[in-house]
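# Fold and contact review
What follows is each chain in one-letter form.
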Amino acid sequence: MELLAEIEKRRAKRALSEKKIPADVVDRIMTAATYAPSCFNNQPYRFLVVDQEQELEKIRLNMPDANYWAKKSPLMVLVATKPELDCQLDDKRDYAFFDVGLAVENMILQAVKEGLVAHPIAGYRPVSIKKAFGIPDDHTLVVIVVIAYPGDESSLNSKHLTSEHSERSRKSREEVVFFNTFRVV
Ligand SMILES: Cc1cc2nc3c(=O)[nH]c(=O)nc-3n(C[C@H](O)[C@H](O)[C@H](O)COP(=O)(O)O)c2cc1C
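Residues numbered from 1 in each chain as written. Predicted model: local features only at pLDDT ≥ 70, side-chain atom pairs only at ≥ 80, totals over all residues. Heavy atoms only, no water.

### Description of the state of the cysteines
Counted according to the given criterion, the structure contains one disulfide. Between Cys39 and Cys87 runs a disulfide, and the two sulfur atoms are separated by 2.0 Å. What sets the handedness of the Cys39 and Cys87 disulfide is the S-S torsion sign, and at about -100° it is left-handed. Linking Cys39 in the loop between helix H2 (23-34) and strand S1 (46-50) with Cys87 in the loop between strand S2 (75-81) and strand S3 (88-89), this pair joins segments that are 48 residues apart in sequence. Looking at Cys87, the relative accessible area reads 10%, which means it is buried. (Disulfide = S-S within 2.5 Å. Helix = DSSP H or I, 4+ residues; strand = E, 2+ residues; numbered from the N terminus. Buried < 20%, exposed > 50% of the residue type's maximum accessible area, 1.4 Å probe, protein only.)

Given below as structure tokens:
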């Protein structure tokens, strides 16, 4: 199968290194994120790049134990938006979250190209983190992208160690891709 190498390579890896990520690499990753398309070119994403130890600690303190592995990361990107920052069209077409997703995938794929792991997580205490960083209440902290060089697997629990080497798991193509006739599955 000939897919873009970065799409093929990207996985939700958890074995991370604490090694710092150079500024030019971070710059390319964030540029990639902002090159994504958005409705009416509204660019509704707000990225807070966190790489200072003291600031990273504020995030770590608000992560559940299940995301213990993420605490090693030297770079976390807080991704926020609110519906009013983007097109809000009929039939519930609020595009802010959609456009944030496009930008985050660009970010992730560029990070993979740079030899990094880029793992989005939803497991954190959003209200506390928003407060700690002065992100307004009316913004949603959609995701945190944990970025790091690949690291030592010895700190992973057995479930995550297995997952690190598992096959990609996906629904069958028939459940999600239809040709010409929509099906409710
Ligand atoms: C929005 C979102 C939230 C996620 N939250 C977490 C999380 O909190 N902790 C975690 O270990 N993985 C998290 N993941 C990773 C997914 O579990 C992973 O992408 C999925 O199992 C598919 O595996 P793959 O990315 O290796 O194909 C999240 C992924 C996404 C897109």
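What follows picks up the thread again.
### So, the side chain of Arg14
Within the secondary structure, Arg14 is located in the loop between helix H1 (5-9) and H2. No salt bridge is formed by the buried Arg14; the nearest opposite charge belongs to Glu164, separated by 5.0 Å. (Lys, Arg positive; Asp, Glu negative; His and termini not counted. Salt bridge = Lys/Arg side-chain N within 4 Å of Asp/Glu carboxyl O.)

### Regarding the sheet that holds S1
Ordered in space as S1-S2-S6-S5, the four strands form an open sheet in which the pairing is antiparallel. Here the strands that pair on one side only, and so sit at the sheet edges, are S1 and strand S5 (117-121). The mean inter-strand angle of the sheet, taken between neighbouring strand axes irrespective of direction, is 20°. Of the pairings in the sheet, the one linking S1 to S2 comprises five bridges and is antiparallel in character. In the sheet register, Val50 faces S2, and the bridge partner there is Met76. Along the sheet, helix H4 (residues 96-113) makes contact with S1, S2, S5 and strand S6 (140-148), crossing S6 at roughly 5°. (Pairing = 2+ DSSP bridges. Axes fitted to C-alpha atoms, helices over the stretch in contact; angles between N-to-C directions. Contact = heavy atoms within 4.5 Å.)

### Observations concerning the site of the ligand
Residues in close proximity to the ligand total 13 residues, the closest being Arg10, Arg11, Ala12, Asn67 and Arg170. For the ligand, an oxygen atom lies 2.8 Å from a polar atom in the side chain of Arg170. If the ligand stood free it would expose 630 Å²; the protein chains cover 61% of that surface. By residue class, the composition of the shell around the ligand is five nonpolar, three polar and five charged. (Near = heavy atom within 4 Å. Polar contact = N/O pair within 3.5 Å; in protein donor to acceptor, adjacent residues only side chain to side chain. Areas by Shrake-Rupley, 256 points an atom, 1.4 Å probe, with all protein chains shown as cover. Nonpolar A, V, L, I, M, F, W, Y, C, P; charged D, E, K, R; others polar.)

### Section: the pattern of salt bridges
For the structure on display, the rule yields seven salt bridges. Arg28 is the partner of Asp24 in a salt bridge, and the nearest nitrogen-oxygen pair spans 3.4 Å. Taken together, the residues Asp24 and Arg28, both in helix H2 and four residues apart, mark about one turn of the helix. In this structure Arg28 comes out as partly exposed when scored by relative accessible area, which is 36%. Close ionic contact of Asp138 with Lys82 constitutes a salt bridge, the shortest N to O distance being 3.1 Å.

### Points about the packing of aromatic side chains
The way to describe two aromatic rings as a pair is by their centre distance and the angle between their planes. Tallied over the entire structure, the rule returns three aromatic pairs. Between the aromatic rings of Tyr45 and Phe47, the centroid separation amounts to 5.1 Å while the plane-to-plane angle is 15°, which identifies the pairing as stacked. The pair formed by Tyr45 and Phe47 is uniform in burial state, with each residue classed as buried. Centre to centre, the rings of Phe178 and Phe182 are 5.2 Å apart; their planes meet at 80°, and the pair counts as edge-to-face. Between the NZ or CZ atom of Lys19 and the centre of the ring of Tyr149, over which it lies, the distance is 4.2 Å. Over the face of the ring belonging to Phe133 we find Lys58, whose NZ or CZ atom lies 5.4 Å from the ring centre. (Phe/Tyr/Trp six-rings, centres within 6.5 Å; stacked < 30°, edge-to-face > 60°. Lys NZ or Arg CZ within 6 Å of the ring centre and 35° of its normal.)

### Examining the pairing of S2
Counted residue by residue, S2 has seven buried out of seven residues, so it is predominantly covered. The side-chain alternation of S2 yields two buried faces, one formed by Leu75, Val77, Val79 and Thr81 and the other by Met76, Leu78 and Ala80. In terms of strand pairing, S2 meets S6 through seven bridges, oriented antiparallel. Bridged to Leu78 within S6 is Ile144.

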